[in-house]
Amino acid sequence: QVQLVESGGGLVQSGGSLRLSCVLSGNIFSIYVMGWHRQAPGKQRELVATITPGGIINSADSVKGRFTVSRVNAKNTVYLQMNSLKPEDTAVYYCSAVRTTSPRLGYWGQGTQVTVSS
C-alpha cells in the first residue's frame, strides 16, 4: 500500500524560506511522477510543480524562480524548496504520486500547512 508522508510546513515571514519533504513508502519510488499541489482556503487545489522519474520538471508560473522541486530516488523522497515566500503562498501543501506504469494509479499525502505572514 502506497503512503505519502509530508513534513516541513510551518509559519514563516514574508520573504522567508521553507523546505517541504515527502517520503513515499510501499512501492518503487522511481516509477512515480511526484508532485506538489496546494489548496488555499476557499480555493481549488492547484498544481505547484511536478517532477518525472527522469527529472523533467513542470511548475506553475506563480512559483517559477522561487520554488524548486527535486527528488532523490535512493531516499524515496521528493522536496519542494520554497524561497521568497509571499502571503499568497499560504495554503495546505499536498504531495502527489502518479504511476508511470499500468495501472496508472495516483496517491495523495495528508497535507502540510504553510503559513506566510506579512
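Draft legend 1. Looking closely at the nonpolar core. By size, the foremost hydrophobic cluster in this structure holds 30 residues, and its most contacted members are Met 34, Trp 36, Val 78, Leu 80, Met 82 and Tyr 93. Contributions of two or more residues to this core are made by strand E3 (18–25), strand E4 (32–39), strand E5 (46–51), strand E7 (67–72), strand E8 (77–82), strand E9 (91–99) and strand E11 (112–117). Ignoring any residue separated from it by four or fewer positions in sequence, one finds Met 34 in contact with Leu 4, Cys 22, Leu 24, Phe 29, Ala 49, Thr 50, Ile 51, Arg 71, Val 78, Cys 95, Ser 96 and Ala 97.

Draft legend 2. Region of the structure containing unusual backbone geometry. Omega for the bond connecting Ser 102 with Pro 103 falls within 30 degrees of zero, at -5°, which places this linkage in the cis form. Secondary-structure assignment places Pro 103 in the loop between E9 and strand E10 (106–108). Positive phi outside glycine occurs at Ser 84, with the angle close to 50°. Relative to the helices and strands, Ser 84 is located in the loop between E8 and E9.

Draft legend 3. Seen up close, the packing of aromatic side chains. Scanning the entire structure with this criterion turns up two aromatic pairs. A centroid spacing of 6.4 Å and a plane angle of 85° characterise the contact between Tyr 94 and Trp 108, whose relative ring orientation is edge-to-face. Of this pair, Tyr 94 sits in strand E9 while Trp 108 sits in strand E10; the two residues are 14 residues apart in sequence, bridging distant segments of the chain. The cationic tip of Arg 45 hangs over the ring face of Tyr 94; the distance from NZ or CZ to the ring centre is 3.7 Å. Cation over ring: Arg 45 sits above Trp 108, and NZ or CZ is 4.5 Å from the ring centre.

Draft legend 4. Looking closely at the pairing of E8. The buried count for E8 comes to five of six residues, which makes it a mostly enclosed element. Where E3 lies against E8, six bridges are found, and the strand directions are antiparallel. Among the inter-strand pairings, Arg 19 is bridged to a residue of E8, identified as Gln 81. Pairing geometry for E7 and E8, over six bridges, is antiparallel. Paired with Phe 67 across the two strands is Met 82, which belongs to E8. Between E7 and E8, which pair antiparallel one after the other, the connecting turn spans four residues, and Asn 76 there sits at a positive phi close to 55°.

The rules behind these values
Residues numbered from 1 in each chain as written. Predicted model: local features only at pLDDT ≥ 70, side-chain atom pairs only at ≥ 80, totals over all residues. Heavy atoms only, no water. Core = buried A, V, L, I, M, F, W, Y, C linked by side-chain atoms within 4.5 Å. Buried < 20%, exposed > 50% of the residue type's maximum accessible area, 1.4 Å probe, protein only. Helix = DSSP H or I, 4+ residues; strand = E, 2+ residues; numbered from the N terminus. Contact = heavy atoms within 4.5 Å. Phe/Tyr/Trp six-rings, centres within 6.5 Å; stacked < 30°, edge-to-face > 60°. Lys NZ or Arg CZ within 6 Å of the ring centre and 35° of its normal. Pairing = 2+ DSSP bridges.

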